[in-house]
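Descriptive structure summary
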Amino acid sequence: MDDDVDYGDASRYVNDVSIELAWAAKAYERAGVHMNLLMSCKTDGLRLHREHDEVYQAFRAGWPDLDVQAITEDDLKSEDAKNRWREFCDKFKEVDDFNLGTLLRKDAGQAYTENNCIIAPKIIFLAIEGARNREGINERNKESYIADYKRSEAVAASMR
């Protein structure tokens, strides 16, 4: 290995559009799988990961009052929030792809749409969606997001 190369120099790296498009397609596919799970099963018992209990307990220990019905950008990306979430994420580095960019619904009462998504690390998705399941929020909102999902699918189909 060349000792003179600075691999930490971000200016050496460029965004590859094909990689970004592939990531976006996979993220959308995973969101679709998640939406199908939410619509087809009883969500208050749905476990999204084998470490569901540990993730949930750590999440609620750090954010006991966070209303997971509706998540805002500030809840995840304000300066204070970023530091707190970074510490949380570091606790779960052993989770496969814990920091993989994942689509997270901002409002639990709606399906995945362009206006209802935020990009978050996978472990944050598991914490928030796990809380929504465990606390019965997804189950209470099921009719609403099923109707929303059907509307968005109808619009997408009409554009094809």
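Just so we're clear, the structure is a prediction, and the values are computed from it rather than from any experiment.

Analysis parameters
Residues numbered from 1 in each chain as written. Predicted model: local features only at pLDDT ≥ 70, side-chain atom pairs only at ≥ 80, totals over all residues. Heavy atoms only, no water. Helix = DSSP H or I, 4+ residues; strand = E, 2+ residues; numbered from the N terminus. Buried < 20%, exposed > 50% of the residue type's maximum accessible area, 1.4 Å probe, protein only. UniProt positions renumbered as here; feature names shortened; annotations may be inferred. Expected span 1.5 Å × (residues − 1). Phe/Tyr/Trp six-rings, centres within 6.5 Å; stacked < 30°, edge-to-face > 60°. Lys NZ or Arg CZ within 6 Å of the ring centre and 35° of its normal.

Considerations on the overall build of the protein chain
- If you tally the helices and strands in the protein chain, you get 7 helices and 2 strands.
- Secondary structure of the protein chain in N-to-C order comes out as α-α-α-α-β-β-α-α-α.
- With respect to the principal axes defined by its C-alpha atoms, the protein chain has extents near 60 × 45 × 30 Å.
- Of all 160 residues assigned to the protein chain, the portion counted as buried reaches 38%.

Observations concerning the UniProt feature "domain: Polysaccharide biosynthesis" (unreviewed entry) in the protein chain
- Within this numbering scheme, the UniProt entry marks residues 19-142 as carrying the feature "domain: Polysaccharide biosynthesis" (unreviewed entry).
- Overall, residues 19-142 shows 55% helix and 8% strand. The separation of its end C-alpha atoms is 34 Å.

A look at unusual backbone geometry
- With phi around 55°, Asp97 is a residue other than glycine that occupies positive phi space.
- Mapped onto the fold, Asp97 is located in the loop between α4 (79-90) and β1 (101-105).
- Looking at Asp97, the relative accessible area reads 48%, which means it is partly exposed.

Comments concerning helix α5 (residues 122-134)
- Over its 13 residues, α5 runs 18 Å from end to end, which matches the ideal 18 Å to within 8%, given 1.5 Å per residue.
- Most of α5 is tucked away, with 11 of its 13 residues classed as buried.
- Within the span of α5, buried status applies to Ile123, Ile124, Phe125, Leu126, Ala127, Ile128, Glu129, Gly130, Ala131, Arg132 and Asn133.
- Immediately downstream of α5, the backbone of Gly136 shows phi near 80°, a positive value.

Some points on the pairing of β1
- Burial runs high along β1: 5 of the 5 residues are buried.
- Here β1 shows a buried face lined by Gly101, Leu103 and Arg105 and a second buried face lined by Thr102 and Leu104.

What about the packing of aromatic side chains?
- One pass over the structure, following the stated rule, counts 6 aromatic pairs.
- Ring centres of Phe59 and Trp63 lie 5.9 Å apart, and the angle between their planes is 25°; on these two criteria the pair is classed as stacked. Taken individually, Phe59 and Trp63 each receive the classification buried, so the pair is uniform in this respect.
- Their ring planes at 50° and their centres at 5.2 Å tell us that Phe88 and Phe92 sit as a pair that is tilted.
- By relative accessible area, which is 2% here, Phe88 ends up buried.
- The rings of Phe59, Trp63, Trp85, Phe88 and Phe92 are connected pair by pair, giving a single aromatic cluster.
- Geometry around Tyr112 places Arg105 over its ring, the cationic atom sitting 5.9 Å from the centre.
- Here the guanidinium or amino end of Arg105 rests over the ring plane of Tyr145, the centre of that ring lying 5.3 Å away.

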